[in-house]
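Notes for the structure review
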Amino acid sequence: MLQILKARLHQGYRTFPFPEKQPPMAPRYVGRPKILPGSCKGDCAACADICPTGALSRGAGNRPVIDLGRCIFCRACETACAEKLISFTQEFSMAANSKETLVIADEKFRQAEAMGNELRRLFGRSLKLRQVSAGGCNACEADTNVLGTPNFDLARFGIQFVASPRHADGLLITGPVSQNMKLALQKTYEALPSPSIVIAVGACAISGGLFKGNSEVNDGAAGIVPVDLFVPGCPPHPWTILEGILRFMGRL
Amino acid sequence: MKNTLLLKNGSSAKLENIPVIEAEGFRQHLNVQIQKGGRLSALFLVPGDPQSGLFAIVSHDRTSEIEVFSCSCGRKFNALTPIMPQAHWFEREIAEIHGIEMIGHPWLKPIRFQPKAGQNVEIIPGVTSYFEVKGDEVHEVGVGPVHAGIIEPGHFRFQCHGEKVFHLEIELGYQHRGIERAIPASQPQKIIRLMEAVAGDTSIGHTTAYAMNIEALAGLKPSQNAAIIRSVALELERMANHTGDLGALAGDVGFLPTAAYCGRIRGDILNTTGMICGNRFGRGLIRTGGVGHEIDADLKKAILDKLLLIEADLRSAISLVWDTPSVVSRFEETGLVSREDAVAAGLVGPAARACGVAVDTRLSHTFAAYDRIRPELALGRQGDVNGRATVRWLEIQDSLRIIRTLLNEMSCEKAGCSAKKAELAPDSLAVSLTEGWRGEICHAAITDSKGNLKSYKIVDPSFHNWFGLALALRNQEISDFPLCNKSFNLSYCGHDL
């Protein structure tokens, strides 16, 4: 017993005061990208050629656009661009309400908006989520799971991951939705009491990510169930996930 | 032609130099090697018409050699499993993907519920025949694919008598994403990213194995500092996962202090990897030919300082486990796997070492920077939950020693990455072994006549170890399943690929 008390004193209070304070990110952390002013030279497609997931393309005005729903934040495009038009920032906030919003063409980004008033009345202070991993590699899962640890302590916001869809207000889906998880995902979704919400976490769940186009997967969750919030990353940083959910609950 | 081709870890050979033995001779030769203490690291088929090539990769730990041989295989093959239980999962895999009839195999159930190569038919996962136990008061419990927590999917079916489990059957495949099939058709910049996602919690282990194969085929040699950074990252990966699992084990027996502390400390270790490459799971760190990020003097000091804090927190959190008799009594004698079963089933990693089986690829088939520092072999007294927990705690402490020693040995030169454009040797096979935190990872790459990847085989340690979990549940209380499961903590996607 004394040992336990001693350990408790040693470990101390470790919950980070988010959202009052912005969490410090590692200096090499790769956050939300932006496209700087300027235009591509000639028919250069270096960024699109090097991108492992097809997230880069040439948009209006001969400028690159980057689809955060596909991006795995490897920075290869940033290095490849001779005109230095692509720049990854340290900004970890990047959840969005639609896939279209995730396509970035300049320095702006439209943050996710809160769910509607009626849903907010129901879920704004208490949100129970069921997690379904559908072909996820366990990185998105791990960085979702970690939200339950004292550092993040998502329970203080009234958010909890529950053991049955019957107890849940919504789903948090990871993975490209493998063919072999399609049925289980559909059944889990149908078992939610209505109204319900769906959150897709990670490049795979948004677009299929690295597995997009494989016949073994369904290129993300949105083709199977309606998705209300998209959280990009490979995997998203835990703060990105938490910030996205809080924004969606209307708590930020 | 000689019957043997012996390779060192992370080296390659021309396909024409790989012995091709006729089927019965192949069985006999493989059996002799396994009897002599060899381990079947991989057994896979490269399809061809009319004959396919069946390749065996046998690791000889005492001599640090990897033996490769093959046989040409038609539509039928006399199964190895009856004489060599550790082949059973491999043969099920080959039968499922390629439709080879494995004559004499006890039960060729699908392991992934994937269509046969080249076919595109809808398969309902999990629908197959199962073991059945009949009798009064015998009942069946099915769990999954979707589990109660934030975990990957899989289906577990228990045959129980009251609370006692007679048998646990594990059906996987829900995570199948077609990785092996996608590799030959993908660009190198995508393949290395696929490797990072084979099992997201083992990014460094798998990516290192892939990089070693490409380096062997392209004649590249990473710098000494790159080798050191690879080992440092691999040990951080080991520490993070072992720490998380020790916390989860404590949580599963209701001992919340260690559960809460370890969950957070695991994050601190992941953040240390994040200090090196920006990503908590080491994405982008390992590159063919070297590493993608440098550790300079300032970062080295920052890592070493952080490790001091982490070590103090870890010692405070984890010593509580073995200071608390009620926790130890729940760990001891729970989920017991005998040494004999572990050897026969071909278990690897901490699951095998807990049973007293001395397998550690870092020691037997040295790679990265493990020639500069010898890891301590961590063995358990018996293969129960306590054994597996003990091995993990010993390994965490040894990882700290390895990381510190290696960081202090780094020169001030850049680690760098020697690969510009890697031309791969044509018609060759390369094989690599690494020791991920779950155990041995085996990758085998085969190139075609133009030097393109023709076939790529990945064996995650979970492929060997899932059956070990089934063995651990024999005669256990069903309520101990979460505890047993967490003590192995195997990968679903690493298995399903």
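Since this is a predicted model, take the numbers as computed values, not measurements. All residue numbers refer to position in the chain's written sequence, counted from 1. Both sets of labels track the order of writing: A upward for chains, 1 upward for ligands. Local features are withheld for residues below a pLDDT of 70 in this predicted model, meaning they are given only at 70 or higher, and side-chain atom pairs are given and counted only at 80 or more; totals for whole chains, interfaces and linings count all residues. With hydrogens and water excluded, all non-hydrogen atoms of the structure serve as input to the side-chain values.

1. Focus: the pairing of strand β10 (residues 164-171) of chain B
Walk down a regular strand and you will see the side chains alternate between the two sheet faces. Residues and elements named next belong to chain B. The condition that has to hold: Buried, partly exposed and exposed residues are distinguished by accessible area as a fraction of the type maximum, computed with a 1.4 Å probe on protein chains only: under 20%, between the cut-offs, and over 50%, respectively. Helix and strand definitions here come from DSSP, where helices need a minimum of 4 consecutive H or I residues and strands a minimum of 2 consecutive E residues; each element is numbered from the N-terminal end. Pairs of strands are assigned from DSSP output, requiring at least two bridges between the strands.
Within β10, six of the eight residues are buried, leaving the element largely enclosed by the surrounding structure. The pairing of strand β9 (residues 155-161) with β10 spans seven bridges and is classified as antiparallel. Looking at β10, one finds that Cys-160 is bridged to Val-165. The turn linking β9 back onto β10 is made up of two residues, and Gly-162 within it adopts a positive phi angle of 65°.

2. Structural notes on the sheet that holds β9(B)
All names here are of chain B. The line we're drawing: Here an axis means a line fitted to C-alpha atoms, over the contact stretch when the element is a helix, while the angle between two N-to-C directions is reported on a 0 to 180 degree scale. Only heavy atoms matter for contacts: two residues are in contact if any of them lie within 4.5 Å across the pair.
With antiparallel pairing, three strands are arranged side by side in an open sheet as β8-β9-β10. At either end of the open sheet lies a strand with only one pairing partner, and these are β8 (138-143) and β10. Here the strands of the sheet are splayed against their neighbours by 20° on average, with no regard to which way each runs. Bridging between β8 and β9 involves six bridges; their strand directions are antiparallel. Residue pairing for β9: Gly-142 is matched across the bridge by Arg-157. Helix α14 (residues 461-472) rests against β9 and β10 of the sheet, and its axis sits at about 160° to β10.

3. Brief notes about the state of the cysteines
Which entries qualify depends on this criterion: Note on disulfides: each one is a pair of cysteine sulfur atoms within 2.5 Å.
Using the criterion set out here, one finds zero disulfides over all chains in the structure. Cysteine Cys417(B) is unpaired, with the sulfur of Cys74(A) as its nearest cysteine sulfur at 14 Å.

4. Observations regarding helix α15 (residues 481-488) of chain B
Spacing of three or four residues puts side chains on the same side of an α-helix, whose turn is 3.6 residues. Residue and element names in this part refer to chain B. In terms of burial, α15 is largely enclosed, as six of its eight residues are buried. Looking only at α15, the buried set comprises Phe-481, Leu-483, Cys-484, Asn-485, Ser-487 and Phe-488. Positive backbone phi, at 40°, marks Asn-489, one or two positions downstream of α15.

5. Brief notes about the sheet that holds strand β9 (residues 197-201) of chain A
Residue and element names in this part refer to chain A. Taken together, the five strands give an open sheet; going across it, the order is β7-β6-β8-β9-β10, and neighbouring strands pair in parallel fashion. Taken across any chain shown, the strands that pair with only one partner, and hence form the sheet edges, are β7 (159-161) and β10 (229-231). With strand direction ignored, the average angle separating the axes of adjacent strands in the sheet is 25°. Of the strands in this sheet, β6 (127-133), β8 (170-174) and β9 are in contact with helix α6 (residues 179-190), which crosses β6 at around 165°. Across the sheet, helix α8 (residues 238-249) lies against β6, β7, β8, β9 and β10, angled at about 160° from β10, the strand it touches most.

6. Topic: the domain arrangement of chain B
Residue and element names in this part refer to chain B. Our working rule: All the domain ranges listed were derived from an automatic or database domain assignment. Two parts placed together each lose some accessible area under a 1.4 Å probe, and the buried area is that loss summed for both. Between Lys or Arg on one side and Asp or Glu on the other, a salt bridge is scored when a side-chain nitrogen of the former is within 4 Å of a carboxyl oxygen of the latter. In protein, a polar contact means a hydrogen-donor-capable atom and an acceptor-capable atom, both N or O and within 3.5 Å, with residues adjacent in sequence counting only if both atoms are side-chain atoms; elsewhere, any N or O pair within 3.5 Å suffices.
According to the domain assignment, chain B contains domain 1 (6-103) and domain 2 (179-496). With 31 residues of domain 1 in contact, the opposing surface of domain 2 contributes 34 residues. Both sides of the domain 1 and domain 2 interface together cover about 2,700 Å² of buried area, and 63% of this is carbon and sulfur. Of all residues in domain 1, Asn-9, Leu-15 and Trp-89 give up the largest surface area on contact with domain 2, accounting jointly for 23% of the area buried on that side. The interface formed by domain 1 and domain 2 includes two salt bridges. Across the salt bridge formed by Glu-440 and Arg-39, the nearest N and O atoms sit 2.7 Å from each other. Taken together, domain 1 and domain 2 are joined by 14 residue pairs in polar contact (both at pLDDT 80 or more).

7. Remarks on the side chain of Lys190(B)
Here is the rule: The charged-residue count follows a simple rule in which Lys and Arg add positive charge and Asp and Glu add negative charge, with His and chain termini not counted at all.
With respect to the helices and strands, the residue Lys190(B) is situated in helix α4 (residues 188-196). Put simply, Lys190(B) is tucked away with no salt bridge, and the nearest opposite charge, on Asp219(A), sits 9.1 Å away. Aside from chain neighbours lying at most four places away, what touches Lys190(B) is Pro52(A) and Leu210(A).

8. Let's talk about the nonpolar core
Note the threshold: Residues enter a nonpolar core if they are buried and are Ala, Val, Leu, Ile, Met, Phe, Trp, Tyr or Cys, with the set joined through side-chain atoms within 4.5 Å.
Counting residues in each nonpolar core, the largest one holds 118 residues, and the members touching the most others are Phe158(B), Ile183(B), Leu285(B) and Leu469(B). It is helix α6 (residues 224-252) of chain B that contributes the most residues to this core, 13 residues altogether. Filtering out sequence-adjacent residues up to four positions away, Leu469(B) remains in contact with Leu168(B), Ile170(B), Phe481(B), Cys484(B), Asn485(B) and Phe488(B). Judged by nonpolar contacts, the second largest core, of 75 residues, contains Phe16(A), Tyr29(A), Ala184(A) and Val231(A).

9. Concerning a nonpolar patch on the surface
Defined as follows: Surface patches are defined over residues having more than 30% relative accessible area and no salt bridge, joining like charges when they lie within 9 Å and nonpolar side chains (Val, Leu, Ile, Met, Phe, Trp, Tyr) when within 5 Å. For every accessible area listed, the method is Shrake-Rupley and the probe measures 1.4 Å; residues are considered covered only by the protein chains on display.
Taken together, the side chains of Met1(A), Leu2(A) and Leu5(A) make up a nonpolar region of the molecular surface, amounting to roughly 400 Å² of accessible area. When its relative accessible area of 47% is taken as the criterion, Leu5(A) is described as partly exposed.

10. Some thoughts on the packing of helix α13 (residues 385-409) of chain B against α15(B)
Residues and elements named next belong to chain B. The condition is simple: Crossing handedness: left-handed means the near helix sits turned counterclockwise from the far one by under a right angle, and right-handed means the same turn made clockwise. Residue polarity is assigned by list, with Asp, Glu, Lys and Arg as charged and Ala, Val, Leu, Ile, Met, Phe, Trp, Tyr, Cys and Pro as nonpolar; anything else, Gly included, falls into the polar class.
Contact geometry for α13 and α15: axes closest at 9 Å, N-to-C directions at 35°. The chirality of how α13 crosses α15 is left-handed. Across the interface between the two elements, Val-385, Arg-388 and Arg-392 from α13 touch Leu-483, Cys-484, Lys-486, Ser-487 and Phe-488 from α15. Each residue belonging to the contact of α13 with α15 can be placed in one class, and the counts come to four nonpolar, one polar and three charged.

11. Quick look at the side chain of Ser41(B)
Residues and elements named next belong to chain B. With respect to the helices and strands, the residue Ser-41 is situated in strand β3 (residues 39-46). Overall, Ser-41 belongs to the buried group, its relative accessible area being 0%. At 2.5 Å, the side chain of Ser-41 and the side chain of Ser-59 are in polar contact.

12. Digging into the environment of Ile34(B)
Residues and elements named next belong to chain B. Within the fold, Ile-34 resides in helix α1 (residues 23-35). Residue Ile-34 is classed as buried on the basis of its relative accessible area of 14%. Separated by 266 residues in the primary sequence, Ile-34 and Lys-300 place their C-alpha atoms 43 Å from one another. Residue contacts for Ile-34: discarding those within four places in its chain leaves Arg-39, Leu-40, Met-84 and Gln-86.

13. Focus: the packing of aromatic side chains
When we look at a pair of aromatic rings, we describe it by the centre distance and by the angle of the planes. Residue and element names in this part refer to chain B. Keep this limit in mind: Only the six-membered ring of Trp is used, alongside the rings of Phe and Tyr, when aromatic pairs are assigned; centres must lie within 6.5 Å, and planes under 30 degrees apart are stacked while those over 60 apart are edge-to-face, with the rest tilted. Consider the ring centre and the ring normal. A charge sits over the ring if Lys NZ or Arg CZ is within 6 Å of that centre and within 35 degrees of that normal.
Scanning the entire structure with this criterion turns up 16 aromatic pairs over all chains. Both rings, one in Phe-156 and one in Phe-481, keep their centres 5.0 Å apart while their planes meet at 55°; by these two values the pair is tilted. With a gap of 325 residues between them, Phe-156 in strand β9 and Phe-481 in helix α15 connect regions that are remote in the sequence. Look at Phe-156 and you get buried, because its relative accessible area is 1%. By relative accessible area, which is 10% here, Phe-481 ends up buried. Positioned above the aromatic ring of Tyr-130, the side-chain terminus of Lys-109 is 4.4 Å from the ring centre. Above the face of the Tyr-130 ring, Arg-157 is positioned so that its terminal group lies 3.7 Å from the ring centre.

14. Digging into helix α5 (residues 203-218) of chain B
Rules: Expected span, for any helix, means 1.5 Å times one less than how many residues it has.
When the terminal C-alpha atoms of α5(B) are compared, their 22 Å separation across 16 residues agrees well with the 22 Å that a helix rising 1.5 Å per residue should span. Here α5(B) lies mainly inside the structure; 14 of its 16 residues are buried.

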